[in-house]
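So the chains spell out like this:
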Amino acid sequence: MAQPPPPAKTVQESVSDGEAVKEGYAYTDGKVATSGEAIHVMEVPVIDLGLLASSPSAAGELFKLRSALALWGCFQAINHGMSGSFLSKVRELMGQFFALPMEEKQKYASPADDMEGYGNDMVLSEQQVLDWNERLLLIISPKDQRKLDVWPRKPESFRERVQEYSVKLQAIVGVVLKAISLSLNLEENCFLDQVGEQGKMYARFNYYPRCPRLDLVYGLKPHADGSTMTIVLPDEEVLGLQFLRGDQWISVSTIPEAVLINIGDIMEIMSNGILKSPMHRVVTNATSDRISVAVFCCPEEENEIGPAEGLINEDTLRLYKKIFYSEYYQLGKRPIEALKI
Ligand SMILES: O=C(O)CCC(=O)C(=O)O
Ligand SMILES: [Fe+2]
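Computed from a predicted structure; not experimentally measured.

Trainee: How should I be thinking about the UniProt feature "domain: Fe2OG dioxygenase" (unreviewed entry) in the chain in this particular structure?
Mentor: Summarizing the sequence annotation, UniProt attributes the feature "domain: Fe2OG dioxygenase" (unreviewed entry) to residues 199–299 in the numbering used throughout. The span residues 199–299 is 6% helix and 46% strand, and its two end C-alpha atoms sit 5 Å from each other.

Trainee: I'm lost on the packing of aromatic side chains in this one. Help?
Mentor: The way to describe two aromatic rings as a pair is by their centre distance and the angle between their planes. Within this structure, the stated rule accounts for eight aromatic pairs. Judged by centre distance (5.2 Å) and plane angle (70°), the ring pair of F97 and F98 falls under edge-to-face. Here F97 falls in the buried class, since its relative accessible area comes to 1%. Summarising the aromatic geometry, the rings of F97 and F158 are spaced 6.4 Å apart at their centres and angled 50° between planes, so their arrangement reads as tilted. Of the two residues, F97 sits in helix α4 (residues 84–98) while F158 sits in helix α6 (residues 158–183), which places them 61 residues apart along the sequence. We note that F97, like F158, is buried. An aromatic cluster is present here, built from F97, F98, Y108, Y118, W151, F158, F205 and Y207 joined pairwise through their rings. Its end group placed over the ring of W72, R245 keeps NZ or CZ at 4.7 Å from the ring centre.

Trainee: In this structure, what is going on with the state of the cysteines? I would like to understand it.
Mentor: One pass over the structure, following the stated rule, counts zero disulfides. In this model C74 remains outside any disulfide bridge; the closest cysteine sulfur is found in C297, 15 Å from its own. The structure places no disulfide on C298, whose sulfur is separated from the nearest cysteine sulfur, that of C297, by 7.1 Å.

Trainee: Looking at this structure, how should I read the nonpolar core?
Mentor: Buried together is how nonpolar side chains tend to be arranged in soluble globular proteins. Among the nonpolar cores identified, the biggest contains 88 residues, and F75, Y165, I180, F191, F205, I261 and V295 are the most heavily contacted of them. At 10 residues, α6 tops the list of elements feeding residues into this core. Every residue in contact with I261, bar those within four places of it in the chain, is listed here: G73, C74, F75, A77, I172, V176, M229, T230 and I231.

Trainee: I keep staring at the coordination of the iron ion (ligand 2) and nothing clicks. Help me out?
Mentor: Four donors placed tetrahedrally around a metal ideally meet at 109.5 degrees, and six donors placed octahedrally ideally meet at 90 or 180 degrees. Summarising the metal site, the iron ion (ligand 2) is bound by the protein donors H223 (NE2), D225 (OD) and H280 (NE2), whose distances to it range over 2.1 to 2.4 Å. Site description for the iron ion (ligand 2): donor spacing in sequence, H-x1-D-x54-H. Taken together, the residues span a long stretch of sequence, with H223 in strand β7 (residues 220–223) and H280 in strand β12 (residues 280–282) at a distance of 57 residues. Here H280 falls in the buried class, since its relative accessible area comes to 5%.

Trainee: What is the right way to look at the packing of α4 against α6 in this model?
Mentor: Two packed helices can be described by the angle between their axes and the distance between those axes. At a minimum axis separation of 11 Å, α4 and α6 run at an interaxial angle of 135°. What the angle tells us is that α4 and α6 run oblique. By crossing handedness, the relation of α4 to α6 is classed as left-handed. Contacts between α4 and α6 involve F86, L87, K89, V90 and L93 on the former and, on the latter, F158, R161, V162, E164 and Y165. Looking at the contact of α4 with α6, its residues break down into seven nonpolar, no polar and three charged.

Reading the values: rules and limits
- Residues numbered from 1 in each chain as written.
- Chains lettered and ligands numbered in written order.
- Predicted model: local features only at pLDDT ≥ 70, side-chain atom pairs only at ≥ 80, totals over all residues.
- Heavy atoms only, no water.
- UniProt positions renumbered as here; feature names shortened; annotations may be inferred.
- Helix = DSSP H or I, 4+ residues; strand = E, 2+ residues; numbered from the N terminus.
- Phe/Tyr/Trp six-rings, centres within 6.5 Å; stacked < 30°, edge-to-face > 60°.
- Buried < 20%, exposed > 50% of the residue type's maximum accessible area, 1.4 Å probe, protein only.
- Lys NZ or Arg CZ within 6 Å of the ring centre and 35° of its normal.
- Disulfide = S-S within 2.5 Å.
- Core = buried A, V, L, I, M, F, W, Y, C linked by side-chain atoms within 4.5 Å.
- Contact = heavy atoms within 4.5 Å.
- Donors = N, O, S within 2.8 Å, 3.2 Å for Na, K, Ca; no water.
- Axes fitted to C-alpha atoms, helices over the stretch in contact; angles between N-to-C directions.
- Parallel < 35°, antiparallel > 145°, perpendicular 65-115°, else oblique.
- Left-handed = near helix turned anticlockwise from the far one by under 90°.
- Nonpolar A, V, L, I, M, F, W, Y, C, P; charged D, E, K, R; others polar.

Following this line, the structure appears as structure tokens:
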């Protein structure tokens, strides 16, 4: 009887095989300049979510929030309602999942026509260079849209923990959206009403194996997120995430109990361009593996998105068109490009 073909090797297996850099992952045109570039390490602004809600200190914290999002497009959130030990458990869970035998992980492999599940990038063209990572992408909210057949059954606590994590993040999204509205002198529910209370959340669990050839690969190519905001739980020790400020890539360091929040194109549009959806990328590390989880918080699909009316007046032109969020998927471009007036 004919044997089925062996499953394609992943980056993790390529590395442990001692293979240098697997074909398909390497940039051969010198586009990855990470080894030659002098990269500065900086801590991004820290925002205390507890202070945003307490009236005597809120004004100062709201001002900090607005400037962090206008300059960096991201901030570190502390006092977010999740304990350090809970975050360690989420990190541990990811490490345990990616360390499972390939045969187990392949049970949750994403189907060819879907991004959800375990795997690597969807291959859209022959020229596409793949990112040096393995990932697990899951819709975690709303609950009735979860595709449980691609949700890991191992480690055993996976589903329960991810459920707990999604409830906590949903609360953070509410607090941050209200604070962003207030920081722009808008009515508190202005952005929350646009995106809806039941927005979609995608969790992307990332595993970036170490790579000896930093000059040839990206852990994640330069990109901006199409979300309203993205909540990242970065690796506790290994740096890799970099944000573009001006024409310089900055490697960001974070405190272990913080989560990093960056805004996406939807927020830039709703703020009529005042807040910036930042370009960012992930570079690999030569000696250590890195893990992270990024949760993309997106509007409800049937909602119309556009610049807040309160930000438009005779002196300030509307920079973006309004669009139904479900239509924007068909545009095949960055929302801020596609909707520019
Ligand atoms: O791995 C990270 O720290 C960030 C991941 C990220 O930017 C993404 O998944 O869009
Ligand atoms: Fe991202």
